[in-house]
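A closer look at the structure
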Amino acid sequence: MQHPCLRCGACCAHFRVAFHWSEAEAFLGGGVPPELTEKLDPHRLAMRGTNAAQPRCVALQGTVGVAAHCGIYAQRPSVCREVQPSWEFGAISPQCDKARLAHGLPVLTPEDWLDPFDASEPPIPQSA
Ligand code: SF4
Ligand code: SF4
């Protein structure tokens, strides 16, 4: 099953992605590439492109709703790690739903997480 986020990317093109400046300071253990950030206020940075009327993170690769991924996945800010896709862990995610709807995409459902090729489940329910 392809992860639904790899056909989406909507949340990376909907919210302002702001986080503490230390996340982009290597000497403090921060891994976010500083050149992809901009100063938001004395305490926070934002991913470039997200502090805009029509946000799109500079690190987002691909086309929203078709094929998209984070170009700095292993180095992405903490706020990005906290966004969960709806139903991956059994509950809706308001951020995911809001971003997808804003891009004209349907919200995810539990069915989006079913693997049609999962051989561990019988294709036809067994009768008693
Ligand atoms: S978390 Fe939701 S909105 Fe964000 S990329 Fe995944 S499916 Fe899309
Ligand atoms: S850093 Fe990556 S996960 Fe975070 S908003 Fe940008 S593209 Fe999305």
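Residues numbered from 1 in each chain as written. Chains lettered and ligands numbered in written order. Predicted model: local features only at pLDDT ≥ 70, side-chain atom pairs only at ≥ 80, totals over all residues. Heavy atoms only, no water.

A closer look at the site of ligand 2
Cys 12, Val 17, Met 47, Cys 57, Ala 59, Leu 60, Cys 70, Ile 72, Pro 77 and Cys 80 make up every residue found near ligand 2. In a pocket analysis with a 2 Å cut-off to the grid points, ligand 2 is assigned to the largest pocket. When its residues are assigned to classes, the shell around ligand 2 shows 10 nonpolar, no polar and no charged. (Near = heavy atom within 4 Å. 1 Å grid on protein atoms, 1.4 Å probe; cavity = no way out; pocket = protein on both sides within 12 Å on 5 of 7 lines; lining within 4 Å. Sits in = over half its atoms within 2 Å of the grid points. Nonpolar A, V, L, I, M, F, W, Y, C, P; charged D, E, K, R; others polar.)

Description of the layout of surface pockets
Rolled over the atoms, a probe with the dimensions of a water molecule shows which regions are left empty. Of the voids in this model, the largest pocket is the one considered here, and its volume is about 780 Å³. As for the largest pocket, its lining consists of 37 residues, and the residues nearest its centre are Cys 11, Cys 12, Arg 76, Cys 80 and Val 83. Of all the secondary-structure elements, those providing two or more residues to the lining of the largest pocket are strand 5 (67–70), helix 1 (78–82) and helix 2 (94–102). Looking at the lining of the largest pocket, the element that brings in the most residues is helix 2, giving four residues. Residues that form the lining of the largest pocket fall into these classes: 27 nonpolar, five polar and five charged. (Points joined across faces, edges and corners; volume = space filled by probe spheres on them. Helix = DSSP H or I, 4+ residues; strand = E, 2+ residues; numbered from the N terminus.)

What about the site of ligand 1?
Neighbouring residues of ligand 1: Cys 5, Cys 8, Gly 9, Ala 10, Cys 11, Pro 85, Cys 96, Arg 100 and Leu 108. Comparing atom positions with the cavity grids shows ligand 1 to sit within the largest pocket. Split by residue class, the shell around ligand 1 holds seven nonpolar, one polar and one charged.

Some remarks on the pairing of strand 3 (residues 44–47)
Note: strand 1 (residues 18–20) against strand 3, three bridges, orientation antiparallel. Within strand 3, the position partnered with Ala 18 by the bridge is Ala 46. Relative to strand 3, strand 2 (residues 37–39) runs antiparallel, the two sharing three bridges. When the sheet's bridge partners are listed, Lys 39 is paired in strand 3 with Leu 45. Between strand 2 and strand 3, which follow one another and run antiparallel, lie four residues. (Pairing = 2+ DSSP bridges.)

Some details on the environment of Ala 10
For Ala 10, the position within the fold is in the segment before strand 1. In the structure, Ala 10 is positioned 93 residues away from His 103 in sequence and 6.5 Å away in space, judged by C-alpha atoms. Among residues more than four places away in sequence, those in contact with Ala 10 are Val 64, Ala 99, Arg 100, His 103 and Leu 105. (Contact = heavy atoms within 4.5 Å.)

Let's talk about the sheet that holds strand 2
The strand order across the open sheet formed by three strands is 1-3-2, and the pairing between neighbours is antiparallel. Lying at the two open borders of the sheet, with one neighbouring strand each, are strand 1 and strand 2. With direction set aside, neighbouring strand axes in the sheet form an average angle of 40°. (Axes fitted to C-alpha atoms, helices over the stretch in contact; angles between N-to-C directions.)

So, the nonpolar core
If you look at the biggest cluster of nonpolar residues, it comprises 10 residues: Val 17, Phe 19, Ala 24, Val 32, Leu 36, Leu 45, Met 47, Cys 57, Ala 59 and Ile 72. With residues up to four places along the chain from it excluded, the contact list for Val 32 reads Phe 19, Glu 23, Ala 24, Thr 37, Met 47, Gln 75, Arg 76 and Pro 77. In terms of nonpolar packing, the next biggest core, distinct from the first, is built from nine residues, Ala 10, Phe 15, Ala 68 and Leu 105 among them. (Core = buried A, V, L, I, M, F, W, Y, C linked by side-chain atoms within 4.5 Å. Buried < 20%, exposed > 50% of the residue type's maximum accessible area, 1.4 Å probe, protein only.)

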